Amino acid sequence: MVNVAVLGYGTVGSGVVKVIDTNHDSILEKAGVDLNIKYVLDLRDFPDDPIQEKIVHDYEVIVNDPEVSIVVEVMGGVEPAYTFTKRALMAGKSVCTSNKELVARCGTELQQLAKENHASYLFEASCGGGIPIIRPLRTSLTADVIDEITGILNGTTNYILTKMIEEGLEFDDVLKDAQQKGYAERNPEADVEGHDACRKIAILSSLAYGKRVDFTDVYTEGITKITSSDIVYAKKMNKTIKLLAYSSRQGDQVMAMVAPYLVSKEDPLYAVNGVFNAIFVHGNMLGDAMFYGQGAGKEATASAVAGDVVEEAQMLGTGVVSSWKPEKQVLTDVSSTEKPFFVRMKGDALEKENLEKVFGPIKVIGAGLEGEFGFVTEKMSEASYQERAAKVDGIIGMIRVREK
Ligand code: NDP
Ligand code: HSE
């Protein structure tokens, strides 16, 4: 029997208990490991839940129990998750987590610590919820040179954008709904300002390109500036709006960014709706592969965490680590990357000729909104767009256009 302790009985933690309990026999049959949840650490008690008999409030009980082989950290945040993880690994226990904030900040150090202690450190659920993506990058795709990753990596923002676009609902109402469904972070600013997607693309890029991508270097915009007027224009253009996390490598040069994009109907990412996520990976031999599934939520995320628990149980005494080199990957400036830009302007479309003197050829988009119009530029660099935009008055907003 392999004893497991779960830290945090929230959305994901209660899901992990459910998956391991519900699928205990099937896991035993398929993977040959007999998993037992011995403790659940939480700040609260759960008097109406059978889990109460396993609830502890003192981490010392877990870290000092030699019978506990695997610690599942699903509390979130940096502290005390970092200290608890470190102590578990130093005690030779394997750790798995869905905590992308911790993996993005301290993953390199924790991987090293796991290796030194012949323990495992896995974090499949840290990117894309229930979608298997970390393990494929670590195993199936190791013979490929990955040169591009594009993902819808945040379930909450994709849920919000989908509901705003398809049902005309207001941002704040949909955010509340996403929080109630357990998709959002404790502080949903991490979702809507793009920080969560930024951490995830940093983790995936570190794994795919081999060196540590520091998430604080990734250019990041969220969806808080997207309005119902932007959606009117998007529909007029037969497009939708998605928060995309993107990174690419050319030789030694890696760039990464997170921003809302206009996505056309022909693009497979167009149809990724609601809480679903998708990750495109391009490899030099593989070509395109797309990983798709539920990006947040109790059971889906817990399924990914439990998959890590099973692998760690099979590797007790040896350890398995998803890792990258500690050396920092310097990111190239996004200002040289090129794409078309959609721009909303005050005024009327009669100004096209003057605008073309600044932006070059543009395509005017009339969406019937009073006192404004939109236009799409040809492909140009971010720096060039910023330089040109600074020369005109009346820009209401800009959204990048994804080319596919
Ligand atoms: P929740 O807030 O639902 O659960 C966290 C639980 O941990 C709560 O029960 C909380 O107790 C408990 N907790 C917090 N601090 C401590 C502590 N010091 N000691 C003991 N217990 C503690 O979060 P989620 O389950 O949604 O998320 C957990 C992690 O998984 C986060 O890192 C999140 O980013 C990640 N994640 C979440 C997904 C989702 O769909 N929800 C998907 C993928 C990843 P209390 O409530 O009393 O504070
Ligand atoms: N808040 C995150 C999201 C949870 O919405 O994608 C999954 O990582």
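Keep in mind the model is a prediction, meaning the values are calculated, not measured.

1. Considering the sheet that holds strand E5 (residues 94–97)
The pairing of strands in a sheet comes from backbone hydrogen bonds and takes either a parallel or an antiparallel form.
And step 1. Across the sheet, which stays open at both edges, the six strands sit in the order E3-E2-E1-E4-E5-E6 with parallel pairing between neighbours. Unpaired on one side and paired on the other, strand E3 (55–56) and strand E6 (121–122) mark the two borders of the sheet.
And step 2. In this sheet, strand E2 (residues 35–41) lies alongside strand E1 (residues 2–7) in parallel orientation, the contact comprising six bridges. Looking at the pairing, alanine 5 lines up with tyrosine 39 of E2.
And step 3. Running over the sheet, helix H12 (residues 298–314) touches E1, E2, strand E4 (68–73), E5 and E6 and is turned about 165 degrees from E5.

2. Quick word on the site of ligand 2
And step 1. Contacts to ligand 2 come from Lys100, Asn154, Gly155, Thr156, Tyr183, Ala184, Glu185, Asp191, Asp196, Lys200, Gly295 and Ala296.
And step 2. Between a nitrogen atom of ligand 2 and a side-chain N or O atom of glutamate 185, the distance comes to 2.7 Å.
And step 3. In this structure, aspartate 191 approaches ligand 2 through a side-chain N or O atom, which is 2.7 Å from a nitrogen atom.
And step 4. Contact with the protein chains removes 94% of the 250 Å² of surface that ligand 2 exposes when unbound.
And step 5. At the level of secondary structure, the elements contributing two or more residues to the shell around ligand 2 comprise helix H7 (155–167) and helix H10 (195–209).
And step 6. Here the shell around ligand 2 is composed, by residue class, of three nonpolar, four polar and five charged.

3. Here we look at the site of ligand 1
And step 1. Residues in contact with ligand 1 amount to 23 residues; listed here are only the nearest, Asp42, Ser98, Gly182, Glu185 and Gly297.
And step 2. One nitrogen or oxygen atom from the main chain of valine 12 is found 2.8 Å from an oxygen atom belonging to ligand 1.
And step 3. At 2.6 Å, a side-chain N or O of glutamate 185 approaches an oxygen atom of ligand 1.
And step 4. In isolation ligand 1 has 890 Å² of accessible area, and contact with the protein removes 84% of it.

4. Some remarks on the packing of helix H5 (residues 100–116) against H10
And step 1. Interhelical geometry of H5 versus H10 gives an angle of 50 degrees and a closest axis separation of 9 Å. Between H5 and H10, the interaxial angle falls into the category oblique. The interaxial crossing formed by H5 with H10 has left-handed handedness. Here Lys100, Glu101, Val103, Ala104 and Arg105 of H5 come into contact with H10, specifically with Asp196, Arg199, Lys200 and Ile203.
And step 2. A per-class count over the contact of H5 with H10 returns three nonpolar, no polar and six charged.

5. Focus on the pairing of strand E11 (residues 253–264)
And step 1. Within E11, eleven of the twelve residues are buried, which leaves the element mostly enclosed by the surrounding structure.
And step 2. Bridge count between strand E9 (residues 219–220) and E11: two bridges; the pairing is parallel. Paired with tyrosine 219 across the strands is methionine 257, a residue of E11.
And step 3. Both strand E10 (residues 239–250) and E11 contribute to a ladder of twelve bridges, which runs antiparallel. Following the sheet pairing, alanine 245 is matched in E11 by valine 258.
And step 4. The turn joining E10 and E11, which pair antiparallel and follow one another in sequence, is formed by two residues; a positive phi near 60 degrees is taken by glycine 251.
And step 5. As paired strands, E11 and strand E20 (residues 395–401) are joined by two bridges and run parallel to one another.

Thresholds applied
- Residues numbered from 1 in each chain as written.
- Chains lettered and ligands numbered in written order.
- Predicted model: local features only at pLDDT ≥ 70, side-chain atom pairs only at ≥ 80, totals over all residues.
- Heavy atoms only, no water.
- Pairing = 2+ DSSP bridges.
- Helix = DSSP H or I, 4+ residues; strand = E, 2+ residues; numbered from the N terminus.
- Contact = heavy atoms within 4.5 Å.
- Axes fitted to C-alpha atoms, helices over the stretch in contact; angles between N-to-C directions.
- Near = heavy atom within 4 Å.
- Polar contact = N/O pair within 3.5 Å; in protein donor to acceptor, adjacent residues only side chain to side chain.
- Areas by Shrake-Rupley, 256 points an atom, 1.4 Å probe, with all protein chains shown as cover.
- Nonpolar A, V, L, I, M, F, W, Y, C, P; charged D, E, K, R; others polar.
- Parallel < 35°, antiparallel > 145°, perpendicular 65-115°, else oblique.
- Left-handed = near helix turned anticlockwise from the far one by under 90°.
- Buried < 20%, exposed > 50% of the residue type's maximum accessible area, 1.4 Å probe, protein only.

Shape descriptors only; they carry no functional weight alone.
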